Amino acid sequence: MPRSGAVTRDALLTTLLAAAAAAVALAWPGTRPLDAWGLLLLAGAHAPLAVIRRRPALALVVLVLLTLPYHLLQYQHHALIPAEVIALFAYAVFGRRVRAVLMVVGLLLFVCVMMMALRAGGSSVREQIAVIEAVVSVVIAVQVWRVHRARLATITERAERAERTREEEARRRVAEERLRIARDLHDLLAHSITVIGVQAGAAAHLLAGDRPLDRAELAEALGSIAATCRDARTELRGTLQVLRGTDVGAPAVLPGPDAIPGLVSAARSAGLEVTLDADGAAAAPPEIGVAAYRIVQEALTNVVKHAAARRVAVTLAREDAGLVVRVADDGRGPSAAGPEGFGILGMIERARSVGGTLDAGPGEDGGFVVTAVFPPDTSSDTAQDAPPEVPPDGPPGREPVSPR
């Protein structure tokens, strides 16, 4: 739609153009001098130019209908050429492309046939055909210009869409990295704080008990708390280095299967009987090793905090060239209230991030079992985008450590 005031401006320009055309027709008359009827046709042929922005097809039709009798009556033909060219140009710009070319060419051929048949125009047939060819060339040039503009607009739109896609992809990767770091911090802090809380409770029980104070036992409990704090501080430093973008020391603190014995020792210091069989994790890829470590860490944290168990078995075995991680306890099993956090959901996400699967639920002989199966080769590109498969009511099992 035209801007406000465009019609008024076009009407003013049309009036000036009509006045100039009338002056030309009076100064250089054609075969027939300009009279009142010719002046009326001349002014009427210019009038549609005032609304050609809004109604290009209708304006062109009205102009042609008034132009034909003007030319056939042998008035000054060149006075109307500017209006005719402007109308054709405007219709080529504002009208529809295919219809513009077909309609303009058809109208021009019709006018040409009528004028040559009646020998109108006061000039040779060759001159009339040359004028027609010039006008058609203008229309074709405008169409080529419109196609070029449309092509440039398409290229620009594709470039902008590609730029937006790159920005969205960058934001998605940043969000995934933040989620990964938040998950690491959750697993680290939840496990460390849970173990420290159990160890501190044991130390407080020794101090408040009725039996004589065993300094060696108290020192062992406090030493376990200090060791857990040191390990948590070291791992936290490595995670923050990744967050800050520094790579110094990051490979050295990356947790893996070789760090699982430390988790087992911390769980034992919390009063659990833990057995470990990690022979099958020796050749695991780094990304699978990290996922296995975090899953064992979260599973042991749940056992310490929720299970009221006495024995836990941690197994890392090779099956079909893949790695199977299993954590089974003899605790009270899933809680009747259902899960309230996202601990088990976080373990499922970790397993799927490297192309694996995870099941968590009650064991055959009671207790609770977490089983993660990892493929021989990671498929993180496709697995990261897939949503975790969890039941509608949440993952099975007892309450996870805490909501993320």
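The coordinates are above.
Residues numbered from 1 in each chain as written. Predicted model: local features only at pLDDT ≥ 70, side-chain atom pairs only at ≥ 80, totals over all residues. Heavy atoms only, no water.

Enquirer: Is there a simple way to think about the sheet that holds strand 1 (residues 273-277) in this case?
Expert: Picture the strands of a sheet paired through backbone hydrogen bonds; they go either parallel or antiparallel. Spatial strand order, 1-2-3-5-4: five strands in an open sheet with mixed pairing. Of all the strands in the sheet, the pair left with one neighbour each is strand 1 and strand 4 (357-362). The sheet shows a mean angle of 10° between the axes of neighbouring strands, taken without regard to direction. As judged from the eight bridges shared by strand 2 (residues 311-319) and strand 3 (residues 322-329), these two strands associate in the antiparallel manner. Across the sheet, the residue bridging to Leu-316 is Val-325, located in strand 3. Docked against the sheet, helix 11 (residues 343-353) engages strand 4 and strand 5 (368-374), running at close to 150° with respect to strand 4. (Pairing = 2+ DSSP bridges. Helix = DSSP H or I, 4+ residues; strand = E, 2+ residues; numbered from the N terminus. Axes fitted to C-alpha atoms, helices over the stretch in contact; angles between N-to-C directions. Contact = heavy atoms within 4.5 Å.)

Enquirer: How do you make sense of helix 3 (residues 56-72) when you look at a structure like this?
Expert: Because each turn of an α-helix spans 3.6 residues, side chains separated by three or four positions in sequence point in the same direction. Over its 17 residues, helix 3 runs 24 Å from end to end, which matches the ideal 24 Å to within 8%, given 1.5 Å per residue. Looking only at helix 3, the buried set comprises Pro-56, Ala-59, Leu-60, Leu-63, Val-64, Thr-67, Leu-68, Tyr-70 and His-71. The buried side chains of helix 3 occupy one side of the element, clustering within an arc of 165° when seen end-on. Structural note: helix 3 exposes Leu-58 and Leu-65 on the side pointing more than 90 degrees away from its buried face. (Expected span 1.5 Å × (residues − 1). Buried < 20%, exposed > 50% of the residue type's maximum accessible area, 1.4 Å probe, protein only. Arc of directions from axis to C-beta.)

Enquirer: Whenever I open this one, the nonpolar core confuses me. Can you help?
Expert: General note: in soluble globular proteins, nonpolar side chains tend to be found buried as a group. Ranked by internal contacts, the top residues of the largest apolar core, which has 37 residues, are Leu-358 and Phe-374. Elements that contribute at least two residues to this core include exactly helix 9 (260-269), helix 10 (286-307), strand 2, strand 3, helix 11, strand 4 and strand 5. When residues of this core are assigned to their parent elements, the largest contribution, 11 residues, is made by helix 10. Discounting chain neighbours no more than four positions away, the residues touching Leu-358 are Ile-295, Met-347, Ile-348, Ala-351, Val-370, Thr-371 and Ala-372. Leu-41, Tyr-70, Leu-80 and Tyr-91 belong to the second largest nonpolar core, which has 23 residues in total. (Core = buried A, V, L, I, M, F, W, Y, C linked by side-chain atoms within 4.5 Å.)

Enquirer: Just checking my understanding: could you explain the pattern of salt bridges for this structure?
Expert: Any two side chains of opposite charge can pair, so long as their charged atoms come close to each other. One pass over the full model with this rule turns up seven salt bridges. For the salt bridge of Glu-163 with Arg-166, the shortest nitrogen-to-oxygen distance reads 2.4 Å. Placement of both Glu-163 and Arg-166 in helix 6 (residues 125-208) is noted, with a separation of three residues, approximately one turn of the helix. Glu-163 gets classed as partly exposed once you look at its relative accessible area, which sits at 37%. With a shortest N-O distance of 2.5 Å, Glu-169 and Arg-172 are connected by a salt bridge. In this pair, Glu-169 and Arg-172 both sit in helix 6, three residues apart, roughly one turn of the helix. Residue Glu-169 is classed as partly exposed on the basis of its relative accessible area of 27%. Residues joined in a network through salt bridges with shared partners are Glu-169, Arg-172 and Arg-173. (Salt bridge = Lys/Arg side-chain N within 4 Å of Asp/Glu carboxyl O.)

Enquirer: Would you explain the pairing of strand 2 in this entry?
Expert: Every regular strand shows the same layout, with side chains that alternate between the two sheet faces. Note: strand 1 against strand 2, five bridges, orientation parallel. What sits directly across from Thr-275, in strand 2, is Ala-313. The turn linking strand 2 back onto strand 3 is made up of two residues, and Asp-320 within it adopts a positive phi angle of 55°.

Enquirer: What should I look at first to understand the pairing of strand 3 in this one?
Expert: The element strand 3 is extensively covered by neighbouring structure, given that seven of its eight residues are classed as buried. The sheet contact formed by strand 3 and strand 5 spans seven bridges and is antiparallel. Note that in strand 5 the partner of Val-324 across the bridge is Val-373.

Enquirer: Can you help me understand a nonpolar patch on the surface in this one?
Expert: A surface patch of nonpolar side chains, about 320 Å² in accessible area, is lined by Leu-12, Leu-13 and Leu-16. Among the secondary structure elements, Leu-16 is positioned in helix 1 (residues 6-27). (Patch = residues over 30% accessible without salt bridge, like charges linked within 9 Å, V, L, I, M, F, W, Y side chains within 5 Å. Areas by Shrake-Rupley, 256 points an atom, 1.4 Å probe, with all protein chains shown as cover.)

Enquirer: What is the right way to look at the environment of Gly-38 in this model?
Expert: Along the chain, Gly-38 falls in helix 2 (residues 36-46). In this structure the C-alpha to C-alpha distance between Gly-38 and Ala-22, which are 16 residues apart in sequence, comes to 9.4 Å.

Enquirer: Looking at this model, I keep getting lost on the environment of Leu-42. Mind explaining?
Expert: Looking at the secondary structure, you find Leu-42 in helix 2. In this structure Leu-42 touches Ala-21, Ala-22, Tyr-70 and Leu-80, once residues within four positions along its chain are discounted.

Enquirer: Would you explain the packing of helix 1 against helix 2 in this entry?
Expert: At a closest axis distance of 9 Å, the pairing of helix 1 and helix 2 adopts a crossing angle of 150°. With respect to their mutual orientation, helix 1 and helix 2 come out roughly antiparallel. Seen from above, helix 1 lies across helix 2 with right-handed handedness. Facing helix 1, whose interface residues are Thr-14, Leu-17, Ala-18, Ala-21 and Ala-22, helix 2 presents Leu-39, Leu-42 and His-46. Grouping the constituent residues of the contact of helix 1 with helix 2 by class yields six nonpolar, two polar and no charged. (Parallel < 35°, antiparallel > 145°, perpendicular 65-115°, else oblique. Left-handed = near helix turned anticlockwise from the far one by under 90°. Nonpolar A, V, L, I, M, F, W, Y, C, P; charged D, E, K, R; others polar.)

Enquirer: Mind showing me how you'd approach the environment of Arg-268 here?
Expert: Structurally, the position occupied by Arg-268 is in helix 9. Under the relative-accessibility criterion, Arg-268 is labelled partly exposed at 43%. In sequence terms Arg-268 and Val-304 are 36 residues apart; their C-alpha atoms lie 9.8 Å from each other. Each residue touching Arg-268, except ones within four places of it in the same chain, is listed here: Val-274 and Thr-275. At a separation of 2.7 Å, a polar atom in the side chain of Arg-268 contacts the main-chain carbonyl oxygen of Val-274. (Polar contact = N/O pair within 3.5 Å; in protein donor to acceptor, adjacent residues only side chain to side chain.)

Enquirer: Looking at this structure, how should I read helix 2?
Expert: Residues of helix 2 that are buried include every one of Gly-38, Leu-41, Leu-42, Ala-45 and His-46, and no others. Viewed along the axis of helix 2, the buried residues span an arc of 135°, placing them on a single side of the element. In helix 2, the exposed positions angled more than 90 degrees off the buried face are occupied by Ala-36 and Leu-40. In this structure, the buried side of helix 2 is in contact with helix 1, helix 3 and helix 4 (81-94). Where helix 2 begins, the side chain of Asp-35 points an oxygen toward the backbone nitrogen of Trp-37, at a separation of 3.3 Å.

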